[in-house]
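# Results of the structural survey
Spelled out, the chains give:
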Amino acid sequence: MVSDNNVPAPKIPPRNRDRTRTKERILQVAIQEFSGKGLDGARVEQIAKKAEVNMRMIYHYYENKENLYIASLERVYSDVRHAETSLDIENLRPEMAFRTLIRFTFDHFQNNTDLVSLVMGENMLQARYLKQSQMVPQLTDRLRGVVASTLKRGQENDQFRKDIDPQQFWFTMFSLCWVPVSNRFTMSWTLQTNLQDSVWKEQTKLHIEDVLLTYLLC
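What comes next concerns the included structure. Please read these numbers as outputs of a predicted model, since none were measured by experiment.

How each quantity is defined
Residues numbered from 1 in each chain as written. Predicted model: local features only at pLDDT ≥ 70, side-chain atom pairs only at ≥ 80, totals over all residues. Heavy atoms only, no water. 1 Å grid on protein atoms, 1.4 Å probe; cavity = no way out; pocket = protein on both sides within 12 Å on 5 of 7 lines; lining within 4 Å. Points joined across faces, edges and corners; volume = space filled by probe spheres on them. Helix = DSSP H or I, 4+ residues; strand = E, 2+ residues; numbered from the N terminus. Nonpolar A, V, L, I, M, F, W, Y, C, P; charged D, E, K, R; others polar. Core = buried A, V, L, I, M, F, W, Y, C linked by side-chain atoms within 4.5 Å. Buried < 20%, exposed > 50% of the residue type's maximum accessible area, 1.4 Å probe, protein only. Contact = heavy atoms within 4.5 Å. Arc of directions from axis to C-beta. Phe/Tyr/Trp six-rings, centres within 6.5 Å; stacked < 30°, edge-to-face > 60°. Lys NZ or Arg CZ within 6 Å of the ring centre and 35° of its normal. Axes fitted to C-alpha atoms, helices over the stretch in contact; angles between N-to-C directions. Left-handed = near helix turned anticlockwise from the far one by under 90°.

### Some details on empty space enclosed by the protein
The tally for this structure, following the rule as stated, stands at 2 cavities of 30 Å³ or more. Of the volumes computed, that of the largest cavity is approximately 40 Å³. As for the largest cavity, its lining consists of Glu-84, Thr-85, Asp-88, Ile-89, Glu-90, Arg-142, Leu-143 and Val-146. Considering every element that reaches the lining of the largest cavity, the biggest residue donor is helix H7 (residues 135-156), with 3 residues. Classifying every residue of the lining of the largest cavity gives 3 nonpolar, 1 polar and 4 charged. What the second largest cavity holds in volume is close to 30 Å³. Considering the residues around the second largest cavity, the lining is formed by Val-80, Arg-81, Glu-84, Thr-105, Phe-109, Leu-143, Trp-170, Met-173 and Phe-174. Only helix H4 (65-85), helix H5 (94-111) and helix H8 (166-182) provide two or more residues apiece to the lining of the second largest cavity.

### Points about the nonpolar core
Formed by 54 residues in total, the largest nonpolar core has its most connected members in Ile-26, Phe-34 and Leu-68. Excluding its chain neighbours within four sequence positions, the residues that come into contact with Phe-34 are Leu-39, Ala-42, Ile-47, Lys-65, Leu-68, Tyr-69, Ser-72 and Leu-118.

### Some remarks on helix H3 (residues 55-62)
Turning to H3, its buried residues are Ile-58, Tyr-61 and Tyr-62. Buried residues of H3, seen end-on, are gathered within an arc of 75 degrees and therefore sit on one face of the element. Across H3 from its buried face, at more than 90 degrees, point the exposed residues Arg-56 and His-60. Residue Glu-63 follows H3 closely and has a positive phi angle near 75 degrees.

### Examining the packing of aromatic side chains
Counting across every chain of the model gives 8 aromatic pairs. Between Phe-34 and Tyr-69, the ring centres sit 5.2 Å apart and the planes meet at 80 degrees, which makes this aromatic pair edge-to-face. Within this pair, whereas Phe-34 is found in helix H1 (residues 14-41), its partner Tyr-69 is found in helix H4, the two being separated by 35 residues in sequence. Tyr-69 shares its class with Phe-34; the two are buried. The interplanar angle of 65 degrees and the centroid separation of 4.9 Å between the aromatic rings of Phe-98 and Phe-169 together place this pair among those described as edge-to-face. With Phe-98 in helix H5 and Phe-169 in helix H8, the pair connects residues that are 71 residues apart, well separated along the chain. With respect to class, Phe-98 is no different from Phe-169; both count as buried. Of the aromatic side chains, those joined through ring pairs into one cluster are Phe-109, Trp-170, Phe-174 and Trp-178. Above the plane of the ring of Tyr-62 lies Lys-23, whose end atom (NZ or CZ) is 5.6 Å from the centre.

### Points about the side chain of Gln-110
Along the chain, Gln-110 turns up in helix H5. On the accessibility criterion, Gln-110 (13% relative accessible area) is buried. Sequence-distant contacts of Gln-110, that is, excluding residues within four places in its chain, are made with Pro-180, Val-181 and Lys-201.

### Comments concerning the packing of H5 against H8
Interaxial distance between H5 and H8 falls to 9 Å at its minimum, and their mutual angle equals 35 degrees. Both H5 and H8 take part in a crossing whose hand is right-handed. Contacts between H5 and H8 involve Phe-98, Leu-101, Ile-102, Thr-105, Phe-106, Phe-109 and Gln-110 from the first element and Phe-169, Met-173, Phe-174, Cys-177, Trp-178, Pro-180 and Val-181 from the second. Looking at the contact of H5 with H8 residue by residue, the class counts come to 12 nonpolar, 2 polar and no charged.

### Some points on unusual backbone geometry
Phi is positive for Glu-63, which is not a glycine, with a value near 75 degrees. Of note, Glu-63 is situated in the loop between H3 and H4. The backbone of Asp-88 shows a phi angle near 55 degrees, a positive value even though the residue is not glycine. Along the chain, the position of Asp-88 falls in the loop between H4 and H5.

Next up, the structure:
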């Protein structure tokens, strides 16, 4: 008799594997196109060419350009939310938990400029397409809960101030980590400082961490 541990995992049919890979390739190219050119500027023909598929296949998977755009938005949001989950900050001491979240948020925005560009473009559209996604608010609910519970833990051991609103704190952290990417070109010129310099980035990350923790700590 063969034990369950020795039972081989069911094999995914080659056709299904190819379908998954093709759909993923289309989505990754679409993210790049939409982030660089916006919804109106991006062309399905160009996405198909770069993804090395025909346009009929794109319409088969996503039906239309708008659905592909929404899928791109959902992907960049889900990537950051799932990466945050891997931080396991619920099991870190409150101060270290927030230091970890701040550093992660800064680095993720810096390393995923497509996310920043896509969201900035959707803001120009007043979140018209993001509002069609139920996934994004649901994904964010967990993060809001983790921030609130971590703040509460720090308050209960008299490490953090009692008068802090968790949503306002998260919003401030998000804003401070977002602007160095979203405004990197204009502020590099107006400040005559290269905001894409690696040393400047590291100094800025440490500064943001210091500002936020100074605010939190009693």
